[in-house]
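Next come the chains, spelled out residue by residue.
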Amino acid sequence: MNVQIYASKKNFDVQKAERWFKERRIPFTSVDMKKHKLGARELQLFARAAGGVRALVDPDAKGEKADYARQLSIESILTDVLLENPTLLKAPIVRNGTSVTIGFHPEVWESWK
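Description of the structure in this document. Computed from a predicted structure; not experimentally measured. Throughout this document, residue positions are counted from 1 along each chain, in the order its sequence is written. At least 70 in pLDDT is required for a residue's local features to be given in this predicted model, at least 80 for side-chain atom pairs to be given and counted, and no such filter applies to totals for whole chains, interfaces and linings, which use all residues. Side-chain numbers come from the whole structure's heavy atoms, not from hydrogens or water.

### A short note on the packing of aromatic side chains
Pairing of aromatic side chains here covers Phe, Tyr and the six-membered ring of Trp, requires ring centres within 6.5 Å, and sorts the geometry by plane angle: under 30 degrees stacked, over 60 edge-to-face, intermediate tilted. Taken as a whole and assessed by the stated rule, the structure comprises six aromatic pairs. Judged by centre distance (5.0 Å) and plane angle (85°), the ring pair of Trp20 and Phe21 falls under edge-to-face. Looking at Trp20, the relative accessible area reads 7%, which means it is buried. Look at Phe104 and Trp109: their rings are 5.3 Å apart centre to centre, the planes differ by 85°, and that puts the pair in the edge-to-face class. To sort residues, take the accessible area from a 1.4 Å probe on protein chains only and compare it with the maximum for the residue type: under 20% means buried, over 50% means exposed, and anything in between is partly exposed. Residue classification places Phe104 among the partly exposed positions, given a relative accessible area of 26%. Grouping aromatic residues by their ring pairs yields a cluster made of Trp20, Phe21, Phe28, Phe104 and Trp109. Between the NZ or CZ atom of Lys16 and the centre of the ring of Phe104, over which it lies, the distance is 4.4 Å. Put simply, a charge is over a ring when the Lys NZ or the Arg CZ is close to the ring centre, within 6 Å, and near the line of the ring normal, within 35 degrees.

Structural data, given as structure tokens:
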């Protein structure tokens, strides 16, 4: 199992996800999206798991860029905005190979064992 937890800021769900994996002694890698820029393929993989690029936008994100991202209807432009501003993505994004979850979903992670 090769678990990666992607996050741009430590919020409550990110902390819960990390704690969930630690309690079960499942090794994981934390990926800071501010330091590690996402690639287009990674973002496409995340978008498929979320049900589209629009579903990746964090509804609680603040600022002009967040407002702009929520109003975009053209997915290619929204993809570019999210690649440049990973803080607008929902967190945590938990990846195990090609399996991805957006948010806190221990029932799915349980099936990865």
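### Looking at the side chain of Arg95
Relative to the elements of secondary structure, Arg95 occurs in strand S3 (residues 93-96). Nitrogen and oxygen atoms within 3.5 Å of one another constitute a polar contact, given that in protein one can donate a hydrogen and the other can accept it, and given that sequence-neighbouring residues count only through two side-chain atoms. In this structure the side chain of Arg95 is engaged in a polar contact, spanning 2.8 Å, whose partner is the backbone oxygen of Gly97. In this description, contact between two residues means that some pair of their heavy atoms is separated by no more than 4.5 Å. Not counting residues up to four positions away in its chain, the partners in contact with Arg95 are Asn2, Val3, Gln4, Tyr6, Glu42, Leu45, Phe46, Val100 and Trp112. Helix and strand assignments come from DSSP, with helices taken as H or I runs of at least 4 residues and strands as E runs of at least 2, each series counted from the N terminus.

### Some points on the pairing of strand S1 (residues 3-7)
Burial analysis of S1 places four of its five residues in the buried class, the great majority of the element. Pairing analysis gives five bridges linking S1 to strand S2 (residues 28-32), with the strands arranged parallel. Bridge pairing in S2 links Ala7 to Asp32. A clockwise path from the first strand over the helix to the second, with the strands pointing away from the viewer, defines a right-handed crossover. Regarding the hand of the β-α-β motif, the stretch spanning S1, helix H1 (residues 12-23) and S2 is right-handed. Pairing between strands is defined by DSSP: at least two bridges between the two strands are required.

### Description of unusual backbone geometry
In this chain, Ala91 is followed by Pro92 through a cis amide linkage whose omega measures -5°. Assignment of secondary structure puts Pro92 in the loop between helix H4 (75-84) and S3. Although it is not a glycine, Arg25 adopts a positive phi angle of roughly 55°. Tracing the backbone shows Arg25 in the loop between H1 and S2. The exposure class assigned to Arg25 is exposed, which follows from its relative accessible area of 76%.

### Side note on H4
Listing the buried residues of H4 in full gives Leu78, Thr79, Val81, Leu82 and Leu83. Of the surrounding elements, those touching the buried residues of H4 are helix H2 (40-50) and helix H3 (64-71).

### Quick word on a nonpolar patch on the surface
For patch detection, residues must exceed 30% relative accessible area and be free of salt bridges, and they are connected within 9 Å for like charges or within 5 Å for nonpolar side chains (Val, Leu, Ile, Met, Phe, Trp, Tyr). Every accessible area reported is derived by Shrake-Rupley at a probe size of 1.4 Å, with residue values counting cover from the shown protein chains alone. What makes a salt bridge here is a side-chain nitrogen of Lys or Arg within 4 Å of a carboxyl oxygen of Asp or Glu, nothing more. A cluster of nonpolar side chains, namely Tyr68, Ile74 and Ile77, defines an oily patch on the protein surface of about 270 Å² accessible area. In this fold, Ile77 is placed in helix H4.

### Quick look at the pattern of salt bridges
Under the defined criterion, the tally for this structure stands at four salt bridges. The partner of Lys16 in a salt bridge is Asp13, and the shortest N-O contact between them spans 3.7 Å. Highlighted residues: Lys16 and Asp13, both in helix H1, separated by three residues, approximately one helical turn. Salt-bridge contacts for Glu42 lead to Arg95; the nearest nitrogen and oxygen are separated by 3.8 Å. One end of the pair, Glu42, is in helix H2; the other, Arg95, is in strand S3, and 53 residues separate them in sequence. For the residue pair Glu42 and Arg95, the accessibility class agrees, reading buried in each case.

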